[in-house]
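Analysis of the macromolecular model
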Amino acid sequence: MSEKILYQRRLAGLQDYQPVWQAMQAYTDQRDAASPDELWFLEHQAVFTQGQAGKAEHILMPGDIPVVQVDRGGQVTYHGPGQLVGYVLIDLRRLGIGVRDLVTAIEQSIVDALAELSIAAHPRADAPGVYVQSGAKIAQLGLRVRRGCSFHGLSLNVDMDLSVFQRINPCGHVGMEVTDILRQAPQQNRDMARLMDSLSRQLATRLGYSSSPVLDDNQLPEL
């Protein structure tokens, strides 16, 4: 049996949303049975993204932040500086799992990564994502599966301007409180690399990969 590897691609700087989204689509459409599974980590420039089920009334005051209609599930969310985004590009059929299995693995990987920072958190059956004990949301999920392969993924709030979430109903929930790691654990620092290490390790373990090495380049793949 061949070794199962989940490669990490760590993109440097603040990434514009559209090129990364288009690269995910292209990677998914062009991959074949031998294409590696990858986990793309990055931070985005400020953007609101509206999922396929999104309703316009959940975008309250976008102001100068662009709104992009995207092909993932779910409602509206925000991406921006201080938030770690992880895009999960996995061949589910090759791995032998379903979408629900992947969602559970992502949520529990976030819970376990937060536990390493002494932050107690949990998923909710009625609303995808991860929540702290007060009920505030600390991580968002949104996936798309095409040709048996996943793209889009998770966003984990680390050290953000949380006031931006007041411009929307996060994930379609009116008045939902949002938090981040540094508000829950002020003694922590903004160590994105540590979070990438933790999340990739947790996710690889839960999905049965033998390792999750970091690729040498920090660019989008050329397709």
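What about the overall build of the protein chain?
Summing up its helical and strand segments, the protein chain has 5 helices and 10 strands in all. Here the protein chain has a C-alpha radius of gyration of 16 Å; the compact-globule value for 223 residues is 17 Å, and the two agree. Residues classed as buried in the protein chain amount to 53% of the 223 residues present. Considering only contacts in the protein chain between residues 6 or more positions apart, those separated by 24 or more positions represent 71%.

A word on the sheet that holds strand β5 (residues 76-79)
Read from one edge of the open sheet, 3 strands run β4-β3-β5, paired in mixed fashion. Of all the strands in the sheet, just β4 (67-69) and β5 have a single pairing partner and so form its edges. Adjacent strand axes in the sheet meet at a mean angle of 30°, parallel and antiparallel pairs treated alike. Sheet topology places strand β3 (residues 47-50) next to β4; 3 bridges connect them, and they run parallel. What sits directly across from Thr49, in β4, is Val68. Seen against the sheet, helix α1 (residues 17-30) touches β3, β4 and β5 and runs at an angle of roughly 15° to β4.

Thoughts on the side chain of Ser198
Relative to the assigned elements, Ser198 resides in helix α5 (residues 192-207). Once residues lying within four places of it in the same chain are set aside, the contact partners of Ser198 are Ala113 and Glu116.

With respect to the pairing of strand β6 (residues 83-89)
Buried residues dominate β6, accounting for 7 of its 7 residues. Relative to β6, strand β2 (residues 37-44) runs antiparallel, the two sharing 5 bridges. Bridge pairing links Phe41 to Gly86 in β6. As defined by bridge partners, β6 adjoins strand β10 (residues 149-157) across 5 bridges and the pair is classed as antiparallel. Within the sheet, the bridge partner assigned to Tyr87 lies in β10 and is Gly153.

Some points on the pairing of β2
Here β2 lies mainly inside the structure; 8 of its 8 residues are buried. Along β2, one buried face is formed by Asp37, Leu39, Phe41 and Glu43 and the opposite face, lined by Glu38, Trp40, Leu42 and His44, is buried too. As paired strands, strand β1 (residues 6-15) and β2 are joined by 7 bridges and run parallel to one another. Within β2, the position partnered with Leu6 by the bridge is Asp37. Crossover β1 to β2 through α1 is right-handed.

Brief notes about α1
Count 3.6 residues to each turn of an α-helix, and residues three or four apart come out pointing the same way. Across its 14 residues, α1 extends 20 Å between first and last C-alpha, which sits within 8% of the 20 Å expected from 1.5 Å per residue. If you check which residues of α1 are buried, you get Tyr17, Val20, Trp21, Ala23, Met24, Gln25, Tyr27 and Thr28.

Conventions and cut-offs
- Residues numbered from 1 in each chain as written.
- Predicted model: local features only at pLDDT ≥ 70, side-chain atom pairs only at ≥ 80, totals over all residues.
- Heavy atoms only, no water.
- Helix = DSSP H or I, 4+ residues; strand = E, 2+ residues; numbered from the N terminus.
- Rg over C-alpha atoms; globule rule 2.2 N^0.38 Å.
- Buried < 20%, exposed > 50% of the residue type's maximum accessible area, 1.4 Å probe, protein only.
- Contact = heavy atoms within 4.5 Å.
- Pairing = 2+ DSSP bridges.
- Axes fitted to C-alpha atoms, helices over the stretch in contact; angles between N-to-C directions.
- Right-handed = clockwise from strand over helix to strand, strands pointing away.
- Expected span 1.5 Å × (residues − 1).

Spatial relationships are all this shows, so hold off on functional conclusions.
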